[in-house]
Amino acid sequence: MNDQVDSDREEQDSPEESAPQEGMAGEGASSETGSAAGSKRQVTLAVPPIDRLLVLLGAAAMVLSGLLSWIEVGPDAFPNFAGIGAGGGGVGLVVVLIGLALLSGRPALDTANGVALGAFLASLVVVITLVDEVDADGVGMGAGAWVAMVGSLVALAGVAFGTMDPSRRPSRRVTHKAPATLGAALAVIASFWLDWSSGFSSGMVGSFPLPGGLDSDVATGYPVLILGVLILLLLLGLLSPTASAAMQARMAMNIRMAGIAMVVLAAGDIAGTLMTSSLTGSGPVLTLVGALMVTRSVGSTPEAEAGGETADAAAI
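Residues numbered from 1 in each chain as written. Predicted model: local features only at pLDDT ≥ 70, side-chain atom pairs only at ≥ 80, totals over all residues. Heavy atoms only, no water.

Peer 1: Where do I start with the overall build of the protein in this structure?
Peer 2: Of regular secondary structure, the protein possesses 12 helices and five strands. Out of the 316 residues in the protein, the part that is buried amounts to 44%. Once local pairs closer than 6 in sequence are excluded, the contacts in the protein between residues at least 24 apart make up 75%. Accessible surface, the protein: about 16100 Å² in total, of which carbon and sulfur atoms supply 64%. (Helix = DSSP H or I, 4+ residues; strand = E, 2+ residues; numbered from the N terminus. Buried < 20%, exposed > 50% of the residue type's maximum accessible area, 1.4 Å probe, protein only. Contact = heavy atoms within 4.5 Å. Areas by Shrake-Rupley, 256 points an atom, 1.4 Å probe, with all protein chains shown as cover.)

Peer 1: Looking at this structure, I do not really get a nonpolar patch on the surface. What am I missing?
Peer 2: On the surface, Ile-50, Leu-53 and Leu-57 cluster together into a nonpolar patch covering about 270 Å² of accessible area. Summarising the element assignment, Ile-50 is placed in helix H2 (residues 50-65). (Patch = residues over 30% accessible without salt bridge, like charges linked within 9 Å, V, L, I, M, F, W, Y side chains within 5 Å. Salt bridge = Lys/Arg side-chain N within 4 Å of Asp/Glu carboxyl O.)

Peer 1: Would you explain the pattern of salt bridges in this entry?
Peer 2: One side chain can pair with another of opposite charge once the charged atoms of both are near each other. Summed over the entire model, instances satisfying the criterion amount to three salt bridges. Asp-51 is the partner of Arg-168 in a salt bridge, and the nearest nitrogen-oxygen pair spans 2.6 Å. Taken as a pair, Arg-168 in the loop between helix H5 (143-163) and strand E4 (172-174) and Asp-51 in helix H2 lie far apart in primary sequence, 117 residues in all. The same class applies to Arg-168 as to Asp-51, namely buried. Across the pair Asp-110 and Arg-256 runs a salt bridge whose closest N-O atoms are separated by 3.1 Å.

Peer 1: I tried to follow helix H9 (residues 245-275) on my own but got confused; where do I start?
Peer 2: Side chains three or four residues apart in an α-helix point the same way, a direct result of the helix having 3.6 residues per turn. When the terminal C-alpha atoms of H9 are compared, their 45 Å separation across 31 residues agrees well with the 45 Å that a helix rising 1.5 Å per residue should span. A large share of H9 lies buried, amounting to 22 of its 31 residues. Positive backbone phi, approximately 55°, marks Ser-277, located one or two places after H9. (Expected span 1.5 Å × (residues − 1).)

Peer 1: Which parts of the structure should I look at to understand the nonpolar core?
Peer 2: Across soluble globular proteins, nonpolar side chains have a tendency to be buried as a group. If you look at the biggest cluster of nonpolar residues, it comprises 57 residues, and the most contacted ones within it are Ile-98, Leu-102, Leu-227, Ile-231 and Ile-255. With 12 residues, helix H4 (residues 109-133) is the largest single contributor of residues to this core. What Ile-231 contacts, discounting residues up to four positions off in sequence, is Ala-184, Ile-255, Ala-258, Gly-259, Met-262 and Val-294. (Core = buried A, V, L, I, M, F, W, Y, C linked by side-chain atoms within 4.5 Å.)

Peer 1: Looking at this structure, how should I read the packing of H2 against helix H3 (residues 91-104)?
Peer 2: Two packed helices can be described by the angle between their axes and the distance between those axes. Across the interface, H2 lies against H3 with an axial gap of 8 Å and an inter-helix angle of 150°. Overall, the two elements H2 and H3 adopt an arrangement that is roughly antiparallel. Between H2 and H3 lies a crossing whose hand is left-handed. Here Arg-52, Val-55, Leu-56, Ala-59, Ala-60, Met-62, Val-63 and Ser-65 of H2 come into contact with H3, specifically with Val-95, Val-96, Ile-98, Gly-99, Leu-100, Leu-102, Leu-103 and Ser-104. Looking at side-chain class alone, the contact of H2 with H3 contains 12 nonpolar, three polar and one charged residues. (Axes fitted to C-alpha atoms, helices over the stretch in contact; angles between N-to-C directions. Parallel < 35°, antiparallel > 145°, perpendicular 65-115°, else oblique. Left-handed = near helix turned anticlockwise from the far one by under 90°. Nonpolar A, V, L, I, M, F, W, Y, C, P; charged D, E, K, R; others polar.)

Peer 1: Explanation requested: the environment of Pro-107 in the structure shown.
Peer 2: Summarising the element assignment, Pro-107 is placed in the loop between H3 and H4. Using a relative accessible area of 14% as the deciding quantity, one classes Pro-107 as buried.

Peer 1: So what exactly am I meant to see when it comes to the pairing of strand E1 (residues 69-72) here?
Peer 2: Look at any regular strand and the pattern is simple: side chains alternate between the two faces of the sheet. The sheet contact formed by E1 and strand E2 (residues 81-82) spans two bridges and is antiparallel. Residue pairing in the sheet places Ile-71 in a bridge with Phe-81 of E2. Alignment of E1 against strand E3 (residues 140-141), held across two bridges, turns out to be antiparallel. Each residue of the ladder has a partner; that of Glu-72, found in E3, is Gly-140. (Pairing = 2+ DSSP bridges.)

Peer 1: I tried to follow the side chain of Asn-113 on my own but got confused; where do I start?
Peer 2: As for its position among the elements, Asn-113 is in helix H4. Once you skip the residues sitting within four places of it in the chain, Asn-113 turns out to touch Leu-156, Val-159, Thr-163 and Met-257.

Peer 1: So what exactly am I meant to see when it comes to H4 here?
Peer 2: In this model, H4 (25 residues) spans 36 Å end to end at C-alpha, consistent with the 36 Å of a helix rising 1.5 Å per residue. With respect to burial, H4 is a largely interior element, 21 of its 25 residues being buried.

Peer 1: Whenever I open this one, the environment of Val-55 confuses me. Can you help?
Peer 2: Position of Val-55 relative to the elements: it lies in helix H2. For the pair Val-55 and Gly-162, spaced 107 residues apart in sequence, the C-alpha to C-alpha distance is 9.8 Å. Residues contacting Val-55, with those up to four places away along its chain left out, are Leu-102, Ala-155, Gly-158, Val-159 and Ile-316.

Here it is in structure tokens:
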């Protein structure tokens with residue numbers, strides 16, 4: 001009897017003793033599975049979209065251009081005249097500030113398009129001006145102007161790719177057509193009629209009286225004239241009865257973009273005269289006033305103001 005009771009107790013205790021052993025085996029199997037999964041885990045890099053990548057690369061080059069030479073006087077010092085100072089004729093400082101703004105990703109899509117276009121046109125004018133002024137007296141053009149022009153062009157291409165997506169375009173409308181027309185007309189008049197100055201022409205050549213905007217030593221009046229005429233044509237197109245609401249919003253966005261580009265051009269010229277202690281002509285001042293009138297005349301549509309724009313549609 002005692003032997004039978006002991007055998008029954010051993011049979012009852014055997015499941016309890018085997019349970020921990022099975023648990024330990026399960027834990028060992030799970031640890032082996034986890035180690036195998038960890039060994040197969042791969043690190044993935046988040047690559048931004050192509051439009052955002054181009055904006056980042058171009059903006060980084062724009063910031064770098066301010067630290068490079070725009071004017072080289074001697075081969076020994078580097079940089080001779082960095083673009084962020086007087087060597088950039090004011091354009092270098094504006095390009096660096098625009099590059100920092102684009103790196104932050106906060107400007108609206110049409111704002112980013114306007115500042116990138118203005119930076120490209122301003123740096124292009126500087127390159128053309130410096131190429132004409134390079135002589136055999138030891139004065140040459142540095143790499144900063146080229147880097148600024150190429151970087152702003154790359155950033156402009158990236159913003160343009162983002163603009164192709166209709167869902168990301170900010171909804172704009174011209175709220176005050178008369179001030180916009182007057183501002184564009186003032187910029188057109190200032191581009192060829194009034195006197196201009198430049199950190200290169202007035203600082204290096206010392207010409208007096210101040211040359212006009214279409215003078216070869218300044219040349220800033222040419223893009224201002226083209227942008228001003230474009231704004232006037234777009235304002236005239238808004239009066240067409242066949243223009244749909246989407247087309248009017250697109251034209252309003254382009255008007256604001258051109259106005260911002262003119263602000264950049266005028267601001268670069270004014271900053272150049274302040275850095276070189278030269279005279280500021282009335283042309284860039286009137287252009288800046290007219291461009292600000294144009295940009296302030298364009299606002300958001302009532303639908304966008306009521307519903308609010310998403311972050312992807314409002315920023316680059």
